[in-house]
There are 2 protein chains.
Amino acid sequence: MKPIGPIPMAFADQHGELTIGGLSVSELASSAGQTPYYAYDLDLISAQVERFRKAIPGEVHLHYAVKANPHPAVIQHLMELTDGLDMASGGELERVRDCGADMAHVSFAGPGKRDPELELAISLGATLNLESENEAKRALAAGQRLGITPRLAVRVNPDFELKGSGMSMGGGAKPFGVDQDRVPALVKDIISQGADWRGFHIYSGSQSLDVDAIANSQEASIALAAELAQAIGEPPKTVNLGGGFGIPYTANDTPLDVESLGKRLETALSGRKPILADTQFMIELGRWLVGEAGVYVAQILDRKLSKDELFLVTDGGMHHHLAASGNFGMVMKRNYPVAIASQMGAEHTESATIVGPLCTPLDRLAADIGVPQAEIGDYVAVFASGAYGLSASPINFLSHPHAAEIVVKGGKVTI
Amino acid sequence: MKPIGPIPMAFADQHGELTIGGLSVSELASSAGQTPYYAYDLDLISAQVERFRKAIPGEVHLHYAVKANPHPAVIQHLMELTDGLDMASGGELERVRDCGADMAHVSFAGPGKRDPELELAISLGATLNLESENEAKRALAAGQRLGITPRLAVRVNPDFELKGSGMSMGGGAKPFGVDQDRVPALVKDIISQGADWRGFHIYSGSQSLDVDAIANSQEASIALAAELAQAIGEPPKTVNLGGGFGIPYTANDTPLDVESLGKRLETALSGRKPILADTQFMIELGRWLVGEAGVYVAQILDRKLSKDELFLVTDGGMHHHLAASGNFGMVMKRNYPVAIASQMGAEHTESATIVGPLCTPLDRLAADIGVPQAEIGDYVAVFASGAYGLSASPINFLSHPHAAEIVVKGGKVTI
């Protein structure tokens with residue numbers, strides 16, 4: 001039998017039928033009109049924001065990285081609770097514009113921005129995080145075409161990386177940002193060309209559970225921002241320290257100690273160089289805000305034995321949840337937190353592999369895990385599914401029905 | 001520098017701008033109205049069918065596994081050239097119904113079929129490949145509800161596997177099919193309940209380039225079908241020998257020698273047991289028919305250096321082509337066949353990593369490959385993209401524009 005990841009606290013100690021935001025998975029299935037569905041609990045997202053606010057120094061702004069979950073209700077909710085939104089495409093820009101976001105607190109990063117995307121960002125007044133000298137030229141030209149002063153920050157490829165992170169995005173040759181030694185010249189150039197230079201975006205990695213690693217990276221980012229500002233001779237208005245806050249997905253993952261991280265950050269900020277005295281710092285989080293607030297729910301279609309191994313076949317799978325199937329950048333396939341949602345807390349009496357309906361061995365939601373005796377019609381929940389879930393999955397693969405998405409708040413389904 | 005996969009013959013020896021079906025990639029970009037796009041050359045698909053017909057004994061039917069590429073024009077084309085179509089979902093059934101397929105030669109396999117899918121298949125007259133005893137019960141009940149005799153075959157989970165295949169689908173505990181020792185009882189039961197028993201579906205693996213491995217598996221399947229038929233006491237009308245024919249994707253992959261395979265199959269069929277004398281055999285191919293006929297084309301948005309490494313950033317990436325990014329079941333990330341399509345045959349003067357526009361290190365189309373000097377606006381082609389390309393990719397990931405799909409035939413864009 002293989003271990004599963006830790007079930008998030010809000011769901012861990014339930015008995016009987018799993019509830020999400022106070023509603024049972026079968027009630028939610030009725031609301032969704034189908035299984036499989038994703039349910040997002042906005043109250044859990046609020047609680048994460050609150051936890052951030054308590055733990056992290058008040059002067060640090062919190063931004064939501066929309067790419068983690070671009071559902072409009074999630075964007076709307078986090079728009080109200082956070083200090084800004086960070087985009088990864090023109091499509092996301094259009095979404096937050098349609099949600100009525102304040103563009104003065106919206107930024108856009110991404111290594112391959114097309115001209116129409118640059119123009120959209122500039123005309124909306126969003127800040128572009130420049131990824132290269134070429135992109136700077138194109139952004140300045142777009143500003144001239146539009147007759148609008150572009151708001152430009154520079155994404156820095158730092159010499160350090162976020163150690164032990166799920167995905168390293170600094171510390172070597174990278175497609176992201178501008179190598180730190182070339183940043184001062186670029187910033188001087190964009191200032192001299194009349195752009196509104198906003199500051200730096202320093203993103204060194206994501207999905208870390210290690211306080212030390214994130215704190216070291218934040219400290220290095222603050223020091224680097226000061227060094228760059230001194231070389232430029234002008235303070236940055238803003239410094240985006242990136243994100244990197246991870247959530248537990250698999251066995252042995254433990255939650256990030258955000259409170260300790262906050263203390264380390266407080267010390268680092270209070271000791272910062274004078275040139276950064278008036279700089280607005282921000283942290284950009286996606287996964288940590290929404291990941292544990294989402295649950296993917298499918299229903300068992302078949303219970304079958306093959307060579308004495310038990311397979312539970314569900315109506316959901318990798319086409320809706322690529323990450324849980326272990327095909328989203330994972331080197332090792334490890335089990336997500338998964339449970340038989342209609343029998344929470346029941347004793348595990350057998351072991352099973354939970355698979356989806358696709359004709360491929362890749363379509364596996366959990367391998368060889370302990371379960372109570374589960375039958376056709378039972379629900380299966382995959383936790384930690386609120387970030388990089390449906391939007392990161394090959395939804396058309398094998399032309400199965402799409403998953404529904406429902407949003408719960410205050411004990412009610414709002415969408 | 002790392003090697004790339006072999007560029008398919010139809011495209012390998014071009015100089016100047018790559019053409020697909022006689023049209024240049026820039027002409028095709030105009031037709032598509034954008035980059036990135038997938039182009040599928042129907043004439044190359046026809047040539048593969050012809051190669052199959054010449055190599056494989058004439059008595060063996062060729063079926064197209066629609067899941068490899070469910071584009072309606074591809075389905076329509078292969079519907080006319082092959083002897084039948086194999087489905088993996090109700091959605092695919094609807095597609096081929098809308099294409100006007102002859103349902104007497106359509107089958108449907110998949111470990112998690114929902115009741116509406118069973119009913120759709122039965123009411124259309126398609127053959128259901130049963131995956132379990134439970135599913136048999138549900139299919140028989142659905143037939144009774146509809147007042148239609150269901151056409152049922154049994155998918156067999158054989159004791160052997162297709163050795164060295166990209167994905168093994170037999171030879172152990174599997175979610176697919178019914179373990180071979182339980183098949184006779186199941187078949188006797190469905191016959192006794194008045195179903196139209198069609199035969200067996202024996203699918204032991206996919207994406208193999210090894211003649212011996214596929215031939216052994218076909219021989220074992222024919223022997224197994226005879227053994228099962230004898231135990232049942234009735235010959236199967238059809239035996240689907242599965243597929244397994246692979247195409248080269250990465251360096252050191254060599255094309256499958258279909259001609260040798262055909263000779264082995266001829267010998268095996270001529271020596272088959274008398275109980276299979278009138279059985280119709282079929283081979284079910286997806287990837288081998290359409291894989292090399294498709295090319296994914298993107299355009300370079302940025303050329304940037306980081307720590308002396310060159311990155312070419314394109315407008316296309318893993319959101320359109322998950323497999324090329326190495327995140328589709330690959331244990332090792334190896335380069336697909338990739339080329340600068342606007343400079344085919346030009347001398348390679350530098351090495352580059354080709355990435356997409358997404359803010360993730362996973363978004364990589366080729367790592368550290370030799371290229372001619374490529375600039376912004378140059379086209380990048382990813383070959384071997386006709387199967388499990390767009391339909392197997394997370395198209396909404398980061399809300400970038402979707403890829404176009406165009407179809408070329410007889411030197412013209414037909415769609």
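Note that this is a predicted model, so its numbers are computed, not measured. Note that residues are indexed from 1 along each chain, following the sequence as it is written. Here chains are named by letter from A upward and ligands by number from 1 upward, in the order in which they appear as written. It should be noted that, the model being predicted, local features are given only for residues of pLDDT at least 70 and side-chain atom pairs only at 80 or more, the latter also being counted only at that level, while totals for whole chains, interfaces and linings use all residues. Remark: hydrogens and water are excluded; side-chain values derive from all non-hydrogen atoms of the structure.

Participant: Explain the overall build of chain A here, please?
Facilitator: When helices and strands are counted, chain A shows 11 helices and 22 strands. Taken against the 2.2 N^0.38 rule, which gives 22 Å for 415 residues, the C-alpha radius of gyration of chain A at 22 Å falls within 12% of a compact globule. Dimensions of chain A, computed from C-alpha atoms along their principal axes, come out at roughly 70 × 40 × 40 Å. The buried label applies to any residue whose accessible area, calculated with a 1.4 Å probe on protein chains only, is under 20% of its type's maximum; exposed applies above 50%, and partly exposed to all values in between. By residue count, 63% of the 415 residues in chain A fall in the buried class. Contacts are residue-level and defined by heavy atoms, with any inter-residue pair within 4.5 Å sufficient. Counting contacts in chain A only where the partners sit at least 6 residues apart, residues at least 24 apart contribute 72% of the total. Within this scheme the basic residues Lys and Arg register as positive and the acidic residues Asp and Glu register as negative, but His and the chain ends are omitted. Every charge is mapped onto a representative atom, which is NZ of Lys, CZ of Arg, CG of Asp or CD of Glu. Of the charged side chains in chain A, 33 are positive and 49 negative; the average position of the first set lies 5 Å away from that of the second. Under the scheme used here, helices are H or I runs from DSSP no shorter than 4 residues and strands are E runs no shorter than 2 residues, and both carry numbers assigned from the N terminus. For this measure, only C-alpha atoms enter the radius of gyration; the expected value for a globule follows 2.2 Å times N^0.38, where N is the number of residues.

Participant: Sorry, what's going on with the interface of chain A and chain B here?
Facilitator: Where interface size is quoted, it is often the accessible area lost as the parts come together. With 70 residues of chain A at the contact, the number on the chain B side is 70 residues. A combined buried area of about 5400 Å² lies between chain A and chain B, and 61% of that area is made up of carbon and sulfur atoms. Ranking the residues of chain A by area buried against chain B places Lys304(A), Lys307(A) and Cys359(A) at the top, with a combined share of 12%. We define a salt bridge as a side-chain nitrogen of Lys or Arg found within 4 Å of a carboxyl oxygen belonging to Asp or Glu. Our enumeration of links across chain A and chain B arrives at 2 salt bridges. The partner of Asp159(B) in a salt bridge is Lys307(A), with the nearest N and O atoms 2.2 Å apart. Elements with a minimum of two residues in the side of chain A that touches chain B: α5 (90–98), α7 (133–146), β8 (151–157), β9 (167–168), β15 (294–306) and β16 (309–314) of chain A. Looking at the side of chain A that touches chain B element by element, the count peaks at 6 residues for β15(A). Following the grouping adopted for this structure description, the nonpolar residues are Ala, Val, Leu, Ile, Met, Phe, Trp, Tyr, Cys and Pro, the charged ones are Asp, Glu, Lys and Arg, and the polar ones are all others, Gly among them. Each residue belonging to the side of chain A that touches chain B can be placed in one class, and the counts come to 30 nonpolar, 20 polar and 20 charged. Accessible surface is computed with a 1.4 Å probe, and the buried area is the amount of it that two parts give up when combined, taken over both parts together.

Participant: What am I meant to see in the relation of the copies chain A and chain B here?
Facilitator: Put simply, the second copy of the chain is the first one after a rotation about an axis and a shift along it. Fitting of the copies onto one another was done by least squares over C-alpha atoms, counting residues only where both copies have pLDDT of at least 70. At an RMSD of 0.0 Å, chain A and chain B line up after a rotation of 180° and a shift of 0.0 Å along the axis. The superposition operator between the copies reduces to a two-fold rotation axis. Scanning chain A for the C-alpha nearest the rotation axis identifies Pro394(A), at a separation of 1.9 Å. A symmetric contact is evident, with 100% of the interface residues of chain A recurring at the interface of chain B.

Participant: I tried to follow the domain arrangement of chain A on my own but got confused; where do I start?
Facilitator: Residues and elements named next belong to chain A. Domain segmentation is taken from an automatic or database assignment of domains. Examined at the domain level, chain A breaks down into domain 1 (9–40 + 293–413) and domain 2 (70–285). Relative placement of domain 1 and domain 2: their C-alpha centres are 34 Å apart. Domain 1 puts 11 residues into the contact, and the matching count from domain 2 is 9 residues. Taking both partners together, domain 1 and domain 2 bury about 800 Å²; carbon and sulfur atoms supply 70% of that area. Counting every contact that joins domain 1 to domain 2 gives 0 salt bridges. Think of a polar contact as two N or O atoms within 3.5 Å of one another; within protein, one of them needs to be a possible hydrogen donor and the other a possible acceptor, and neighboring residues in sequence only count if both atoms come from side chains. Remark: the boundary between domain 1 and domain 2 carries 0 residue pairs in polar contact (both at pLDDT 80 or more). With 3 residues, the top contributor of residues to the side of domain 1 that touches domain 2 is strand β21 (residues 404–409). Residue classes in the side of domain 1 that touches domain 2 are distributed as 6 nonpolar, 2 polar and 3 charged.

Participant: Got a minute to help me understand the packing of aromatic side chains in this structure?
Facilitator: Describing an aromatic ring pair means giving the distance of the ring centres and the angle of the ring planes. Residue and element names in this part refer to chain A. Each aromatic pair joins two rings of Phe, Tyr and Trp (for Trp, the six-membered one) with centres within 6.5 Å, and gets the label stacked for planes under 30 degrees apart, edge-to-face for over 60, and tilted for any other angle. This structure, assessed with the given rule, holds 18 aromatic pairs over all chains. Centroid distance Phe 245 to Trp 288: 5.8 Å. Interplanar angle 80°. Geometry classified as edge-to-face. With Phe 245 in the loop between β13 (238–240) and α10 (258–270) and Trp 288 in helix α11 (residues 287–290), the pair connects residues that are 43 residues apart, well separated along the chain. A single burial state applies to Phe 245 and to Trp 288, both of which are buried. Through successive ring pairs, a cluster of aromatic residues spans Tyr 38, Tyr 40 and Tyr 296. Any Lys NZ or Arg CZ that is within 6 Å of a ring centre and within 35 degrees of that ring's normal is treated as a charge sitting over the ring. Above the plane of the ring of Phe 108 lies Lys 113, whose end atom (NZ or CZ) is 5.4 Å from the centre.

Participant: Could you clarify how one ought to interpret α5(A) in this entry?
Facilitator: Count 3.6 residues to each turn of an α-helix, and residues three or four apart come out pointing the same way. All names here are of chain A. Among all positions of α5, only Gly 90, Gly 91, Glu 92, Leu 93 and Val 96 are buried. Residues of α5 that are buried sit in contact with α4 (72–81), β5 (84–87), β6 (106–108) and α6 (115–124). A side-chain oxygen of the first residue of α5 lies 3.3 Å from the backbone nitrogen of Gly 91; this N-cap is Ser 89.

Participant: Even after reading the chapter, I still don't get the packing of helix α6 (residues 115–124) of chain B against helix α7 (residues 133–146) of chain B, so can you show me in this structure?
Facilitator: To characterise two packed helices, one gives the angle between the axes of the helices and the distance between these axes. Residue and element names in this part refer to chain B. Here, axes are lines fitted to C-alpha atoms. For helices the fit covers the stretch in contact, and angles between N-to-C directions go from 0 to 180 degrees. For the pair α6 and α7, the least separation of the axes is 9 Å and the interaxial angle reads 60°. Put simply, α6 runs oblique to α7. Where α6 crosses over α7, the handedness of that crossing is right-handed. Packed against α6, whose contacting residues are Asp 115, Leu 118, Glu 119, Ile 122 and Ser 123, the element α7 presents Glu 135, Arg 138, Ala 139, Ala 142, Gly 143, Arg 145 and Leu 146 at the interface. The labels follow the angle: roughly parallel below 35 degrees, roughly antiparallel above 145, roughly perpendicular from 65 to 115, and oblique for the rest. Crossing handedness is defined as follows: a turn of the near helix away from the far one that is anticlockwise and smaller than a right angle gives a left-handed crossing, while the clockwise case is right-handed.

Participant: Hey, could you run me through helix α8 (residues 183–192) of chain A in this one?
Facilitator: Residue and element names in this part refer to chain A. Along α8, the residues classified as buried are Val 183, Pro 184, Leu 186, Val 187 and Ile 190. One side of α8 carries all its buried residues, which in axial view fall inside an arc of 160°. Seen from the open side of α8, the exposed residues pointing more than 90 degrees away from its buried face are Ala 185 and Ser 192. Elements that come into contact with the buried residues of α8 comprise β7 (127–130), α7, β8, β10 (178–179), β11 (196–202) and α9 (211–232). Remark: Gly 194 follows α8 within two positions and exhibits a positive phi of approximately 90°. For this quantity, the arc is that covered by the directions from the helix axis to the C-beta atoms.

Participant: Help me understand the confidence of the model for chain A in this model?
Facilitator: Parts of the model with low pLDDT should not have their predicted coordinates read in detail. Every residue is assigned a pLDDT by the predictor, reflecting its confidence on a scale from 0 to 100. When pLDDT is averaged along chain A, the result is 96, and 99% of the positions lie at 70 or above. Here the predicted complex carries an ipTM of 0.96, next to a pTM of 0.97.

Participant: Which parts of the structure should I look at to understand the environment of Pro357(A)?
Facilitator: With respect to the secondary-structure elements, Pro357(A) resides in the loop between β18 (350–355) and β19 (364–371). Between the C-alpha atom of Pro357(A) and that of Leu398(A), which follows or precedes it by 41 residues, the distance is 9.4 Å. If we skip the residues at most four places from it in the chain, Pro357(A) touches Thr314(A), Asp315(A), Gly316(A), Gly317(A), His319(A), Asp363(A), His400(A), Gly110(B), Pro111(B) and Gly112(B).

Participant: Any chance you could explain the pairing of strand β8 (residues 151–157) of chain B here in plain terms?
Facilitator: On a regular strand, one side chain projects to one face of the sheet and the next to the other, so that they alternate. Residues and elements named next belong to chain B. Across the 7 residues that make up β8, a large majority, 6, are buried. Think of it this way: DSSP has to see at least two bridges between two strands before they count as a pair. Bridge count for strand β7 (residues 127–130) against β8 is 4 bridges, and the pairing is parallel. Residue pairing across strands places Leu 128 opposite Leu 152, the latter belonging to β8. Between β7 and its parallel partner β8, the chain crosses via α7, and the hand of that crossover is right-handed. Both β8 and strand β11 (residues 196–202) contribute to a ladder of 6 bridges, which runs parallel. Its bridge partner being in β11, Val 154 is matched across the sheet by Phe 200. The sheet contact formed by β8 and strand β10 (residues 178–179) spans 2 bridges and is parallel. Counterpart to Val 156 in the pairing with β10 is Val 178. By convention, orient the strands away from the viewer: a clockwise path from the first strand over the helix to the second makes the crossover right-handed.

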